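Examination of the molecular architecture
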Amino acid sequence: MKPSTTNPPTACNSRMLIALAIGFLCLSLTNETQAQKKRKPSKTNSAMQIRINHIALYVTNLETSTNFYRDIIGLDTIPEPFHDGRHTWFSVSENAHLHLISGRANPPEAEKNTHLCFSTGKMDELLEKLKARGIHYEDWPGKAFTVTKRVDGIRQIYLKDPDGYWIEINDDF
């Protein structure tokens, strides 16, 4: 067997290897930490972690409201834990829901400044669906079947659900 022609590791080479290993480990941990930050908010960014969980609307007719939010707005129903015929739950986003609760005697007083807002990537299709079904929508000032174009280019409409709650739908998707 031939003796090795490479030099044995010296203290300098060993320090360099250790430094490279530490650098690689730090880079790996930094990349992992950045990936974790993208997945969920850091607890050090604010004193309180908070996000919207759900919005509950008290409705007069659960079936009518369920059909509206499912068939017109396009929300998907999700299981609700009560199974009492008084609730319908919808998924609005990954971690947010809309809960409809039946039992309201009188519709709410309608105020456009108080509204739910949904965004869609298919605004033109939605406008056609609303027109085809004879569902009134309007721009912010109240002109029927008109779309508001905001200063930032976002298009938006306003309509009322079966109970008179205002809904904004925009194309900021």
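How each quantity is defined
Residues numbered from 1 in each chain as written. Predicted model: local features only at pLDDT ≥ 70, side-chain atom pairs only at ≥ 80, totals over all residues. Heavy atoms only, no water. Pairing = 2+ DSSP bridges. Helix = DSSP H or I, 4+ residues; strand = E, 2+ residues; numbered from the N terminus. Buried < 20%, exposed > 50% of the residue type's maximum accessible area, 1.4 Å probe, protein only. Axes fitted to C-alpha atoms, helices over the stretch in contact; angles between N-to-C directions. Core = buried A, V, L, I, M, F, W, Y, C linked by side-chain atoms within 4.5 Å. Contact = heavy atoms within 4.5 Å.

**A look at the sheet that holds strand 7 (residues 155–160)**
- Spatially, the four strands line up as an open sheet ordered 5-8-7-6, and their pairing is mixed. Every other strand in the sheet has two partners, leaving strand 5 (115–119) and strand 6 (148–149) as the edge strands with one partner each.
- Sheet topology places strand 7 next to strand 8 (residues 166–170); five bridges connect them, and they run antiparallel. Across the sheet, residue Gln156 finds its bridge partner in strand 8, namely Asn170.

**Some words on the pairing of strand 5**
- Along strand 5, the buried face is formed by Leu116 and Phe118; none of His115, Cys117 and Ser119, which line the opposite face, is buried.
- In terms of strand pairing, strand 5 meets strand 8 through five bridges, oriented parallel. In the sheet register, Cys117 faces strand 8, and the bridge partner there is Glu168.

**A short note on the sheet that holds strand 3 (residues 87–93)**
- On the basis of which strands lie adjacent, the open sheet formed by four strands has the order 1-4-3-2 and mixed pairing. Lying at the two open borders of the sheet, with one neighbouring strand each, are strand 1 (54–59) and strand 2 (76–78). Direction aside, the axes of adjacent strands within the sheet are offset by 35° on average.
- Across six bridges, strand 3 lies against strand 4 (residues 96–102) in antiparallel orientation. Opposite Ser91, over in strand 4, you have His97 as the bridge partner.

**Overview of the nonpolar core**
- Residues Tyr69 and Leu159 are the most contacted members of the largest nonpolar core, which totals 24 residues.
- Of all the secondary-structure elements, those providing two or more residues to this core are strand 1, helix 2 (62–72), strand 4, strand 5, helix 3 (123–132), strand 7 and strand 8.
- If near-sequence neighbours (up to four positions away) are discounted, Tyr69 is found in contact with Leu57, Gly74, Leu75, Phe90, Leu98, Leu100, Leu116, Phe118, Asp161 and Ile167.

**Focus on unusual backbone geometry**
- Even without being glycine, His83 reaches a positive phi, approximately 50°.
- The residue His83 is located in the loop between strand 2 and strand 3 in this model.
- Classification of His83 as exposed rests on a relative accessible area of 66%.
- With a phi angle near 50°, Phe145 is a residue other than glycine that sits in the positive phi range.

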